[in-house]
Amino acid sequence: MTEKPVVRPRTSEPWLSEYLHSKGNRLGLPISGTFELTARCNFNCRMCYVHQQDLPEQEKRELSAEQWLAIAREARDAGMMFLLLTGGEPLLRQDFPYLYTELVKMGLVVSINTNASLYNEELRELFNRYPPSRLNVTLYGGSEETYRTLCGNASFRKVVDNLRSMKADGLQVRLNVTLTPYNVGDMALIDEISREIGLQAKASSYLYPPVRRGGKVGRNDARFSPEEAGAVMARWNALRDTKERTLQRAEMIRQRRFAGLTETCADVEQEGVRCRAGRSSFWLTWDGRMLPCGTMDTEASYPLRDGFAKAWQEVVASTAAIRLPKECSGCADRENCSVCASICKGETGAFDCKPEYICTMMKSARDTTVKIAGNMTEERET
C-alpha cells in the first residue's frame, strides 16, 4: 500500500526575508511588524491569550484605521517591509478592506492571521485584486462538535469550504494547528483535511500562559501537562512524516544519548534573545502598546505618544537587556529546544529562570519519538 504524500512546512523561509531579518538583527532595524488590529473575535477559544468580548465598548478602545495607517507609515520609513495583521479576528473589523488596501498600497508585504470563518465574497474579490503574502488559517478541529467545544462556534464546515475557496483562487494559505486536550482526538482528521486540500500544516502543542488576560504565571487551564504536550507533538510529527523520517529522527536522539551529552550546564555566559523579537521585529497591540512579542505583557513602549522611532528604540534597548537562564545556555538540547524569553517569563515570572514545563515537554517528545520508531521497527520485522 502506497504511503500518503507528506505535506510538511518549509524548513526555511525565502532567502531574501531571512537575509533582511538577519541584517535587521545586527543593525536594530524593524524589518517586520505585527499589527494586532483587534482583541475581539467571533470565536471564544479556551486557550486564547488576548480575546475580549465583541462589545461596542471594546471596539471604541481599539486604534482607528487612520491611527494604524499613521504608525505603518512611520514604521515603513524606519525600515519595516513585512507586516502581519492579526487579532483577535482581524476580519471582524468593518474597516478591514480599507485598512488592508491602504497598507498594501504602501508597498508592504502583508500577511494575515485568521480563523477563516468570516471569509466572504467581498474579501474574496479584495484578495484576488491584492493577494496577501500569505493567509495563516488556524484549523481547530475536524468536526462541528470540536469547534463548538473548543471555540464556542460550530463553524467547521464553513472554515473548510473557505479553505477550499482560497486554495482554488490561488491564494497562499498555511494551516496552523493548536493541539489541546479538546481537539487531540481530531489529529488524523486534521491531517486528512490538510492533505486533501493540499495545504502545509504547522502544529504546536505548547500553549503560553495568558498573562495578557490576567492569567497566572505558568498556568493555562486549556493545555496539556508537559508530558502529554511532548507526547502529542511526537505523535503529530510521526503522523505527518514518512516512516523513514521518523526512524531517522529517533536515531539522532539515540546517538545524542550515546554520545554522553547531559542535561547539566557548565559555567556559561547567559545568552540574550536569539529570535527576532525586539531585534528586527515588533508587535503592536490593539490598544497601541509596542511589545517585542505578542505573548509578553512587559517591555512595552508607546508609539502613539512618543512616535514610532523612539518607541522602537526603547523596545530594542529593553530586549537587549534580557538574559535567559544559564541552564538553557549550557543545555545540550539548546539547538533543538523552543525555549525563548517570552516562555521563560510566562512560565516562571522571570526571563532568567528555567521553564521546567518546556524541559519536561522536550524530554517527553524525545522519549515518545523513540518509542514510536521502535514500534515501527517491530512492525517491519513481523
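Residues numbered from 1 in each chain as written. Predicted model: local features only at pLDDT ≥ 70, side-chain atom pairs only at ≥ 80, totals over all residues. Heavy atoms only, no water.

(A) Representation of the overall build of the protein chain in the model. Each helix and strand counted, the protein chain has 15 helices and eight strands in total. At 21 Å, the protein chain has a C-alpha radius of gyration in line with the 21 Å of a compact globule built from 382 residues. Seen along its three principal axes, the alpha-carbon backbone of the protein chain occupies a region of about 65 × 50 × 40 Å. The 382 residues of the protein chain split such that 50% are buried. (Helix = DSSP H or I, 4+ residues; strand = E, 2+ residues; numbered from the N terminus. Rg over C-alpha atoms; globule rule 2.2 N^0.38 Å. Buried < 20%, exposed > 50% of the residue type's maximum accessible area, 1.4 Å probe, protein only.)

(B) Seen up close, the pattern of salt bridges. Overall, the coordinates contain 22 salt bridges when judged by the stated rule. Of the charged contacts, one joins Glu-62 and Arg-40 as a salt bridge, the two residues approaching to 2.8 Å between their closest N and O atoms. A residue pair is termed long-range when its members are at least 10 positions apart, and Glu-62 in the loop between helix H2 (56-61) and helix H3 (65-78) and Arg-40 in the loop between strand E1 (32-36) and H2 qualify at 22 residues. Grouping residues by exposure puts Glu-62 and Arg-40 together as buried. Here Arg-366 makes a salt bridge to Asp-333, at a shortest N to O gap of 2.3 Å. With a gap of 33 residues between them, Arg-366 in helix H15 (residues 356-381) and Asp-333 in the loop between helix H13 (326-329) and helix H14 (341-348) connect regions that are remote in the sequence. With a relative accessible area of 13%, Arg-366 lands in the buried category. Members of the salt-bridge network, linked through shared partners, are Arg-40, Glu-62, Arg-93 and Asp-95. (Salt bridge = Lys/Arg side-chain N within 4 Å of Asp/Glu carboxyl O.)

(C) Layout of the nonpolar core. Counting 85 residues, the largest nonpolar core has Phe-35, Leu-85, Leu-103 and Phe-127 as its most contacted members. A per-element tally of this core places H3 first, with six residues. In this structure, Phe-35 is in contact with Trp-68, Ile-71, Ala-72, Met-80, Leu-83, Leu-84, Leu-85, Thr-86, Phe-282 and Leu-284, ignoring residues within four places of it in sequence. One finds Ala-238, Leu-247, Ala-250 and Met-376 within the second-largest nonpolar core, a separate group that totals six residues. (Core = buried A, V, L, I, M, F, W, Y, C linked by side-chain atoms within 4.5 Å. Contact = heavy atoms within 4.5 Å.)

(D) Representation of the confidence of the model for the protein chain. Overall, the prediction assigns the protein chain a mean pLDDT of 91, with 92% of residues at 70 or greater. Of the regions scoring below 50 in pLDDT, residues 1-12 engages in 24 contacts with residues more than four places distant in sequence or in other chains. Throughout residues 258-266 the model reports pLDDT below 50, and contacts reaching past four residues in sequence, or to other chains, amount to twelve contacts. (pLDDT = per-residue confidence, 0-100.)

(E) Molecular detail of the sheet that holds strand E3 (residues 109-114). Here we have eight strands laid out as an open sheet, ordered E6-E5-E4-E3-E2-E1-E7-E8, and mixed in their pairing. Either end of the sheet is taken by a strand with one partner, and the two such strands are strand E6 (200-204) and strand E8 (290-291). Contacting E1 and strand E7 (281-284), H3 runs over the sheet at an angle of about 170° to E1. Along the sheet face, helix H9 (residues 226-240) touches strand E5 (173-178) and E6 and points at about 165° away from the line of E6. (Pairing = 2+ DSSP bridges. Axes fitted to C-alpha atoms, helices over the stretch in contact; angles between N-to-C directions.)

(F) Seen up close, helix H8 (residues 187-197). Regarding H8, the residues found buried are Met-187, Ile-190, Asp-191, Ile-193, Ser-194, Arg-195 and Ile-197. Where H8 is buried, its residues contact helix H7 (156-168), E5, E6 and H9. Of the residues trailing H8, Gly-198 is marked for its positive phi of about 85°.

(G) Just the pairing of E7, in detail. The side-chain alternation of E7 yields two buried faces, one formed by Ser-281 and Trp-283 and the other by Phe-282 and Leu-284. Two strands pair when backbone bridges link them, and E1 and E7 are joined in this way by four bridges, in the parallel orientation. Paired with Gly-33 across the strands is Phe-282, a residue of E7. Pairing of E7 with E8 involves two bridges; the strand directions are antiparallel.

(H) The arrangement of the packing of aromatic side chains in detail. Taken as a whole, this structure holds 14 aromatic pairs when the rule is applied. Geometrically, the ring pair formed by Phe-282 and Phe-308 is edge-to-face, given 5.2 Å between the ring centres and 70° between the ring planes. One end of the pair, Phe-282, is in strand E7; the other, Phe-308, is in helix H12 (residues 308-320), and 26 residues separate them in sequence. Phe-308 shares its class with Phe-282; the two are buried. Grouping aromatic residues by their ring pairs yields a cluster made of Phe-35, Trp-68, Phe-282, Phe-308 and Trp-312. (Phe/Tyr/Trp six-rings, centres within 6.5 Å; stacked < 30°, edge-to-face > 60°.)

(I) Layout of the pairing of E6. Taking every second residue as pointing to the same face, the buried face of E6 carries Ala-201 and Ala-203, while none of Gln-200, Lys-202 and Ser-204 on the other face is buried. Two elements, E5 and E6, share five bridges in a ladder whose sense is parallel. Along E6, the bridge assignment pairs Thr-178 with Ser-204. One crossover worth recording links E5 to the parallel E6 by way of H8, and it is right-handed. (Right-handed = clockwise from strand over helix to strand, strands pointing away.)

(J) Region of interest: the packing of helix H4 (residues 96-105) against helix H5 (residues 121-129). Put simply, H4 and H5 touch, their axes get as near as 11 Å, and they point 5° apart. With respect to H5, the axis of H4 lies roughly parallel. Facing H4, whose interface residues are Phe-96, Pro-97, Tyr-100 and Thr-101, H5 presents Glu-122, Leu-123, Leu-126 and Phe-127. Here the contact of H4 with H5 is composed, by residue class, of six nonpolar, one polar and one charged. (Parallel < 35°, antiparallel > 145°, perpendicular 65-115°, else oblique. Nonpolar A, V, L, I, M, F, W, Y, C, P; charged D, E, K, R; others polar.)

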